[in-house]
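What follows is the residue order along each chain.
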Amino acid sequence: MNTSKNKWFEFIYIPDSKLLIFFILLALAGASVLGYYTPIVVSSLYDSFQKDGEFMPIIWAIGALYVGEYFASVVYQLGLSRYIQKLLQQIRSNSYKKWILTYESIGKGKFGSHNYPMGEVIARILNDTEAVIEMVSSGSFKIFIDFAFIVSSLISFIKLNTVSGAALIAAEVLVCVALILASKKMAKIYMAVRKSTGHLNRAVANLSGGLRDTFHTPNNSFASKASEASFEDFLKKQLKANVWDASYFAIAESLFPILLALLVIVFPYSNITEMAIIAAIIDLIQRSITPIKEIASKISGIQRAKTGMDRILEFNSDLATMPKSNMEDEQFVIEDFKALEVEIFSFVYPAINENDPPAFELKDINFRGKAGQLVGIVGMSGSGKSTLLKILSTDILCPDSKIKIERERHPSIEFQGDNLEGIAQYKRQVSIVSQDSHVFSESLKFNITFGEKSEKEFKEFWTKVNVEIPYLKKWGPRPEDVIKAKDLSMGQKQLVSALRSCFLRKPIVLFDEISSGLDSELEEALRKLVLLIQEKSLTIIVAHRVETILKSNLILVMKDGLLANMGTHAELMQIDATYQEFLAQVSS
Amino acid sequence: MISRLHRKFIPWVVAHSFEFWYYYLGALLCLYFLHYFQSVLPGLAKDLGDKVMNDQLKEIDLPKFFYLAFAILIFRTFSRLLFFYPARIQQKNLRLEMMQRLERALPKTYENFSEGNLFQTVVNDFNRLRGFIGFALLQVGNIIIAAMIFIPKIREFNDDFLIAFTPLIVCVVLFSVLILFFQPYVRKNMDAYAEVQNFVIESYDAKKTIKNFHSESSFYKLFQSYSATELRYFFISGLGRVISFPLVKLGTGASLIWGAMIVKDQNLSGTDLIFFSGFLYLILEPLLFLSWIGIVTSQGYAAWGRIKKLVGSLEQDVREDWYQNYKNLDALTLPFWGKKVNLEIKNNAWNVVIGDTGSGKSYLIDKIAELLHFSGCSYSMIRQEPYLYNDTVGNNIFLGQDANPEKMDLAKKCLLEFGLEVLAPTLEEVLSLEVGENGKKVSGGQAKRIALIRSLVSDVDVIIWDDPFSSVDLLLERQIIKTLKSDKRLRGKTFILTSHRFSTVRSCDWIIFIEKGEGVKETGSRKELLSRDSLTNEYFKKQMV
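Keep in mind it's a predicted model, so treat the numbers as computed, not measured.

## What to know about the overall build of chain A
Turning to step 1, where the next piece is worked out: Summing up its helical and strand segments, chain A has 19 helices and ten strands in all.
Turning to step 2, where the next piece is worked out: Long-range contacts, defined here as pairs at least 24 residues apart, represent 79% of the contacts in chain A between residues at least 6 apart.

Shown next as structure tokens:
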């Protein structure tokens, strides 16, 4: 309890904002003082009608009270908006940072299967903070300053007339409690509406996504029929919510006559004889109705924001338990890379059901490659070559494996498959070029450099690749141009990713060749890039074409999860049946 | 289904009001009674003051207060409900009509609208419209009826009190102007929010890559700048509200002071000021919504504009002249690479269109599909990357058609032969397997094969597949084609495929070879083209080097 409170405080406190907090508190204090004087001044106004000479000063005093209230309110809201602005930036940035630093991968292991789906990440980083924004824009925070004002008015009124003041306080507290209790029911109804909105959104996204595709096939109006069902459900929930909503607010609206009746009921005990007191209390009732009316809706807003914050807190503390990198870390890229030695003893995909036999096993893979070499991996689909590549890129964690990196001037380093920190370090030595490498809707330059290295280095690099690869000129985009993933073909995406790997050089580069659908120039460009990368790195490539591996130093032939054979093209042609079968397949 | 989306904005609002006139009549009556009963309250409060002064407390009619409260409760509730209900129904009808229009329209007509756009329209724009008709109509009615009832009541009492409302009205107008002035920033804030969201989505997709290059800090900085922009707009858009909202209270105060001066000048009773302030608070609520009427109306109008843009786009006539000459598939003349090209497709046979990437294979079959659509032929086309609905495999295959035993049997056979039986222990379970959002729970290749089965069970004469076997290995491809060719239920269908794989071409009967910028270079039977020194032969030889 205590720790969670501490966490909360840490969470919503921003350093360097003492001045802002001071202004917010000052406005609250100001509102309380103004609230305290309001009933007193209002009752003297009604008194002053009979007395000459007192009227104008009272009018000035009332004017001053209203102006003061205006400024207190503006200062409070301004300060709060600014604070929230800063706070949200802090919370979001921290959450994003923590999330981007964690490693996520599939497979067995302590943290192996842990990851947040995309919707969750967006929800946690953005939507949950949205509740707080909503609170500001709907004026939920205003309730605090309004209450500071009303509460001190009520207290001050007790001094004017104890019985009716106390009765009013009791009644208003009762009403607030009743409204808040009723708002629990309302919250449930809103929740159902929200859920139904979620269903509707998902259904629309899902169905409208498929319209283009199912137009040219008999579709029996699948999309509109399915959407009608979700529209109906949404309508039902909404109408139900409207009934509750409308009557709930109507109750608050009917408060005025009820509170007046209360006044009448306590008359025999309150001994009010002056009209000024009656006028002051009616004024007070009128002022307090709006905040009371709003309390339930605002409190539910605050509740929602708190749930949002709780969820972010949970997200943050969850992320804290996952393996992560450190932003301040050195790149730790091995400069004097000499060779890589891989030993995979066994890897089994976790079965979906516990009792099922393991779906597929990768076993006894052992090879070595040196800097500047090209290693090809071939095999039929299902032979395990993609799994092997995923283990090498640490997309899959394989605890039962060992990877050794030999260095020119330093002792070699061994990375055990079950040592997460070691694997994280190894991961830094590897880059992967595949068709699902991501292309950002940012400039081409950013996509290649990721903001790393200097401007000069990039210019040199860009000039060099432009000379070597004529396709780049023909393709079009300049380094500053923003590129959009959806405008690029698979091959072009792979080209961007290969350029990136070539620029941000790693000792080991993994390449997942596209199986089909490249035009010859692009294919040529990619092959050229492989050569450029290979100059300094060990390049491991899953090949779908013979010419890719003809000149490679080593070819690994995979079959049924086993390393069937390895050697050069010439050697394998002589001895290996699987390899010959592969060749026959790709060139048949 | 009644069409509603063809109207312009104002006619639509009018038509809507007539469609639900009985609701609105009831709603206006409720509003009238609500304000009538509310207008009794200030007099009641004044009366209370008078009776205290004259020591006549015994004469107060206590039950009357409760009757009034009850009447306000009832009429307020129903006035709201009767305004909201038609708006909700209308929203549902409009959304459904939009989905139906989208479903009937050729995808080409809305190619400029991304999926995000469609979503925005169907979800958000219709929601704004609902907000407009539900809310703006209510508040307009509210303010008119309130004025109708309150003004005579106040004038009856004291004409001068009416002028004392001036400061309040000035402040409310100022408030409304300020809110409207800052409104564009609300829009900017929303756009900026979408960009932050987009950035998170991209970071998610690219997380592996980012971590691989240890570029977390660049991305962190970029995120901060996106988020800061959004929050800056959030702050600015809030400024208007922060400055202007308390103005209303200030206006109330000024009006109250004015009223007090009148009381003093004309030597009226203090209880008259109670009466006046009662109306001041009553009129506040309808006045406050004045600015929202403007905002909601402009939003509704803009939303209708966007909706109409989409509707207009869907209604374009995209038929091309050459469709009219269509007689049979084996003698087509169509525009391709800027020329008129003759195309021969064999009926009841396996046709394959081959050519390099970018040679226009997808374009060509798209045109054929459009032609078949406008000619009323039965056909089914599956694109390169087909879409799966977030539903079961079975529903994705049958798309709502009743699966008779024969078709069910065909579907199961296909699942088995297409290598999809691995998805679950039994075929029944495969059929009831949920494929997830956009088919995420199955691989791209599996999704494609599910879509291929969709067209096989759909009773069509012509089946068009764009690069159907790209993600299938050669053995499985051979097995699939063998199954399809041997099944009696699929006899007599015309297949049109695109491919650049020799293995696929080898199984087809009729080859159409196309080239970028050139059009159809060669057409002929497989036997002929593969046995002689043809372009096709040369193309595949080059591929094998």
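After presenting the structure, the write-up continues.
## Structural notes on the overall build of chain B
Turning to step 1, where the next piece is worked out: Scanning chain B from terminus to terminus reveals 20 helices and eight strands.
Turning to step 2, where the next piece is worked out: Here the C-alpha radius of gyration of chain B, 35 Å, is well above what a compact globule of 545 residues would show, namely 24 Å.
Turning to step 3, where the next piece is worked out: In chain B, buried positions account for 44% of the 545 residues.
Turning to step 4, where the next piece is worked out: Nonlocal contacts in chain B, meaning residues at least 24 apart in sequence, comprise 78% of its contacts between residues at least 6 apart.

## Concerning the sheet that holds strand E8 (residues 519–525) of chain B
Residue and element names in this part refer to chain B.
Turning to step 1, where the next piece is worked out: Spatial strand order, E4-E5-E6-E3-E7-E8: six strands in an open sheet with mixed pairing. Of all strands in the sheet, those with a lone pairing partner are strand E4 (379–382) and E8, marking the two edges. Within the sheet, the average angular offset between the axes of one strand and its neighbour, ignoring direction, is 15°.
Turning to step 2, where the next piece is worked out: Two strands pair when backbone bridges link them, and strand E3 (residues 350–354) and strand E6 (residues 494–499) are joined in this way by five bridges, in the parallel orientation. Counted as the bridge partner of Ile-354 is Ser-499 from E6.
Turning to step 3, where the next piece is worked out: Contacts between helix H16 (residues 444–456) and the sheet are confined to E4 and strand E5 (462–465), with E4 contributing the most and set at about 175° to the helix.

## Considering unusual backbone geometry
Residues and elements named next belong to chain A.
Turning to step 1, where the next piece is worked out: Phi angles above zero are rare outside glycine, and Ser-221 is one such case at about 50°.
Turning to step 2, where the next piece is worked out: Position of Ser-221 relative to the elements: it lies in the loop between helix H6 (162–214) and helix H7 (222–253).
Turning to step 3, where the next piece is worked out: Accessibility expressed as a C-beta count within 10 Å gives 15 for Ser-221, which makes it partly exposed.
Turning to step 4, where the next piece is worked out: We note that Asp-560 has phi near 50°; this positive angle belongs to a residue other than glycine.
Turning to step 5, where the next piece is worked out: Topologically, Asp-560 is positioned in the loop between strand E9 (554–559) and strand E10 (562–567).
Turning to step 6, where the next piece is worked out: Owing to 15 C-beta atoms within 10 Å, Asp-560 belongs among the partly exposed residues under this scheme.

## So, the confidence of the model for chain B
Close reading of the predicted structure is inappropriate where its pLDDT is low.
Turning to step 1, where the next piece is worked out: Mean pLDDT over chain B stands at 89; residues scoring 70 or higher make up 99%.
Turning to step 2, where the next piece is worked out: Quick note on the complex model: pTM equals 0.78, ipTM equals 0.86.

## Some points on the pairing of E5 of chain B
All names here are of chain B.
Turning to step 1, where the next piece is worked out: Of the two faces of E5, both are covered, the one formed by Val-462 and Ile-464 as well as the one formed by Ile-463 and Trp-465.
Turning to step 2, where the next piece is worked out: In terms of strand pairing, E5 meets E6 through four bridges, oriented parallel. Paired with Val-462 across the strands is Thr-494, a residue of E6.
Turning to step 3, where the next piece is worked out: Handedness of the E5-helix H17 (residues 474–486)-E6 crossover: right-handed.

## A look at the environment of Ser-247 of chain A
Residue and element names in this part refer to chain A.
Turning to step 1, where the next piece is worked out: Tracing the chain through its elements places Ser-247 in helix H7.
Turning to step 2, where the next piece is worked out: Here Ser-247 falls in the partly exposed class, since 17 other C-beta atoms lie within 10 Å of it.
Turning to step 3, where the next piece is worked out: Taking C-alpha positions, Ser-247 is 38 Å from Phe-11, a pair spaced 236 residues apart along the chain.

## Quick notes on the nonpolar core
Turning to step 1, where the next piece is worked out: Membership of the largest hydrophobic core comes to 292 residues, with the highest contact counts inside it found for Ile-281, Ile-377 and Leu-529 of chain A together with Ile-453 and Ile-464 of chain B.
Turning to step 2, where the next piece is worked out: In this structure, Ile-464 of chain B is in contact with Ile-365, Ile-368, Ala-369, Tyr-379, Met-381 and Ile-496 of chain B, ignoring residues within four places of it in sequence.

## A look at the interface of chain A and chain B
Turning to step 1, where the next piece is worked out: Contact with chain A, which involves 114 residues of that partner, is made by 114 residues of chain B.
Turning to step 2, where the next piece is worked out: Among the elements that make up the side of chain A that touches chain B, the one with the highest residue count is helix H3 (residues 55–101) of chain A (22 residues).
Turning to step 3, where the next piece is worked out: Here the side of chain A that touches chain B is built from residues that sort into 57 nonpolar, 41 polar and 16 charged.

## What to know about helix H11 (residues 420–427) of chain A
Turning to step 1, where the next piece is worked out: Among the residues of H11 of chain A, Leu-420, Ile-423, Tyr-426 and Lys-427 of chain A are the ones counted as buried. Across the axial projection of H11 of chain A, the buried residues extend over an arc of 115°, all falling on one side.
Turning to step 2, where the next piece is worked out: Against strand E4 (401–407), strand E5 (413–416) and strand E6 (430–433) of chain A together with helix H8 (207–212) of chain B lie the buried residues of H11 of chain A.

## Examining the packing of helix H8 (residues 255–270) of chain A against helix H4 (residues 62–104) of chain B
Turning to step 1, where the next piece is worked out: At their nearest, the axes of H8 of chain A and H4 of chain B sit 8 Å apart, and the two run at 165° to each other. Here H8 of chain A lies roughly antiparallel to H4 of chain B, going by the angle between them. Our pair here, H8 of chain A against H4 of chain B, has a crossing hand that is left-handed. On H4 of chain B, the residues touching Pro-257, Ile-258, Leu-260, Ala-261 and Val-264 of chain A of H8 of chain A are Leu-62, Phe-65, Phe-66, Leu-68 and Ala-69 of chain B.
Turning to step 2, where the next piece is worked out: Here the residues of the contact of H8 of chain A with H4 of chain B sort into ten nonpolar, no polar and no charged.

## Re the pairing of strand E8 (residues 538–542) of chain A
Looking along a regular strand, one sees side chains alternate from face to face of the sheet.
All names here are of chain A.
Turning to step 1, where the next piece is worked out: Counting buried positions over the five residues of E8 gives five, a clear majority of the element.
Turning to step 2, where the next piece is worked out: The sheet contact formed by strand E7 (residues 508–512) and E8 spans five bridges and is parallel. When the bridges of E8 are listed, Val-509 appears paired with Thr-539.

## Here's the deal with the environment of Val-74 of chain A
Turning to step 1, where the next piece is worked out: Inspection of the secondary structure puts Val-74 of chain A in helix H3.
Turning to step 2, where the next piece is worked out: C-beta crowding within 10 Å serves as the criterion here: with 17 such atoms nearby, Val-74 of chain A is assigned to the partly exposed category.
Turning to step 3, where the next piece is worked out: When the C-alpha positions of Val-74 of chain A and Asn-326 of chain A are compared, they lie 43 Å apart, and in sequence the two are 252 residues distant.
Turning to step 4, where the next piece is worked out: Sequence-distant contacts of Val-74 of chain A, defined by excluding residues within four places in its chain, comprise Val-242, Ile-243 and Pro-246 of chain B.

## Let's talk about the environment of Pro-218 of chain A
Turning to step 1, where the next piece is worked out: Along the chain, Pro-218 of chain A turns up in the loop between H6 and H7.
Turning to step 2, where the next piece is worked out: Spatially, the C-alpha atoms of Pro-218 of chain A and Phe-511 of chain A are 40 Å apart, while their sequence positions differ by 293 residues.
Turning to step 3, where the next piece is worked out: Setting aside its immediate chain neighbours within four residues, Pro-218 of chain A contacts Ser-380, Ser-458, Asp-459 and Val-460 of chain B.

## So, the packing of helix H9 (residues 216–265) of chain B against helix H10 (residues 270–288) of chain B
Residues and elements named next belong to chain B.
Turning to step 1, where the next piece is worked out: Interaxial distance between H9 and H10 falls to 10 Å at its minimum, and their mutual angle equals 155°. When the interaxial angle is binned, H9 and H10 end up roughly antiparallel. In the crossing of H9 with H10, the sense of the turn from one axis to the other is right-handed. Only Gly-270, Asp-272, Leu-273, Phe-276, Ser-277, Leu-280, Leu-284 and Leu-288 of H10 make contact with H9, whose side of the interface consists of Val-248, Thr-252, Ser-255, Leu-256, Gly-259, Ala-260 and Val-263.
Turning to step 2, where the next piece is worked out: Partitioned by chemical class, the residues of the contact of H9 with H10 number nine nonpolar, five polar and one charged.

## Thoughts on the confidence of the model for chain A
Residues and elements named next belong to chain A.
Turning to step 1, where the next piece is worked out: Chain-level statistics for chain A give a pLDDT mean of 82 and a share of 90% at 70 or above.
Turning to step 2, where the next piece is worked out: Of all helices and strands in chain A, the one with the weakest mean pLDDT is helix H1 (residues 2–12) (64), whereas helix H2 (residues 18–48) scores best (94).
Turning to step 3, where the next piece is worked out: When the criterion is pLDDT under 50, residues 106–114 qualifies, and its contacts beyond four places in sequence or with other chains add up to 17 contacts.

Cut-offs and rules
Residues numbered from 1 in each chain as written. Chains lettered and ligands numbered in written order. Predicted model: local features only at pLDDT ≥ 70, side-chain atom pairs only at ≥ 80, totals over all residues. Helix = DSSP H or I, 4+ residues; strand = E, 2+ residues; numbered from the N terminus. Contact = placed C-beta atoms within 7 Å. Rg over C-alpha atoms; globule rule 2.2 N^0.38 Å. Buried ≥ 20, exposed ≤ 12 C-beta atoms within 10 Å, placed from the backbone. Pairing = 2+ DSSP bridges. Axes fitted to C-alpha atoms, helices over the stretch in contact; angles between N-to-C directions. pLDDT = per-residue confidence, 0-100. Right-handed = clockwise from strand over helix to strand, strands pointing away. Core = buried A, V, L, I, M, F, W, Y, C linked by C-beta atoms within 7 Å. Nonpolar A, V, L, I, M, F, W, Y, C, P; charged D, E, K, R; others polar. Arc of directions from axis to C-beta. Parallel < 35°, antiparallel > 145°, perpendicular 65-115°, else oblique. Left-handed = near helix turned anticlockwise from the far one by under 90°.

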